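# Descriptive analysis of the structure
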Amino acid sequence: QVQFVESGGGLVQAGGSLRLSCAASGRTFSNYAMAWFRQAPGKEREFVSTISRSGTTDYADSVKGRFTISKDNAKIALYLQMNSLKPEDTAVYYCAARSGSNAYRPRQFYDYWGQGTQVTVSA
């Protein structure tokens, strides 16, 4: 069983930056494709970014050019660098993992989830 703990969320003004981290216990990320999702109040959980086992990345159009996903297999950590934040980025952010090489956008592909970290961007 893979367990994740996210951190790095908080309150930031529009235009600011945050770096989210996702740490895994007991397993290395090298065997998994990883992703970040987010869920705003009253909305469905939505895809933000993925990184495949080989390091190929994908981004939602709404965050492309502002967010960067990365991972450190040695430290068993996943990151999301978020720059130029906007109020519409306000949400709970979740890291997720699936066994296998490829990363996909639909959340149904992911088997393991963190508990989430709140990101609030003020105007």
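Here's what I pulled together on the structure shown here. (Residues numbered from 1 in each chain as written. Predicted model: local features only at pLDDT ≥ 70, side-chain atom pairs only at ≥ 80, totals over all residues. Heavy atoms only, no water.)

## As for the nonpolar core
Among the nonpolar cores identified, the biggest contains 33 residues, and Phe4, Trp36, Phe67, Leu78, Leu80, Met82 and Tyr93 are the most heavily contacted of them. Contributing elements (two or more residues each) for this core: β3 (18-25), β4 (32-39), β5 (46-51), β7 (67-72), β8 (77-82), β9 (91-99) and β11 (117-122). When near neighbours in sequence (up to four residues on either side) are disregarded, Met82 contacts Gly16, Ser17, Leu18, Leu20, Arg66, Phe67, Tyr93 and Val119. (Core = buried A, V, L, I, M, F, W, Y, C linked by side-chain atoms within 4.5 Å. Buried < 20%, exposed > 50% of the residue type's maximum accessible area, 1.4 Å probe, protein only. Helix = DSSP H or I, 4+ residues; strand = E, 2+ residues; numbered from the N terminus. Contact = heavy atoms within 4.5 Å.)

## Some thoughts on the pairing of β9
Taking burial as the measure, the nine residues of β9 include eight buried ones, the bulk of the element. As paired elements, β4 and β9 share eight bridges and run antiparallel to each other. If you follow Phe37 over to β9, its bridge partner there is Tyr94. Two strands pair when backbone bridges link them, and β9 and β11 are joined in this way by three bridges, in the antiparallel orientation. Note that in β11 the partner of Ala91 across the bridge is Val119. The sheet contact formed by β9 and strand β10 (residues 112-113) spans two bridges and is antiparallel. (Pairing = 2+ DSSP bridges.)

So far we have only geometry, and geometry alone does not tell us how the molecule works.
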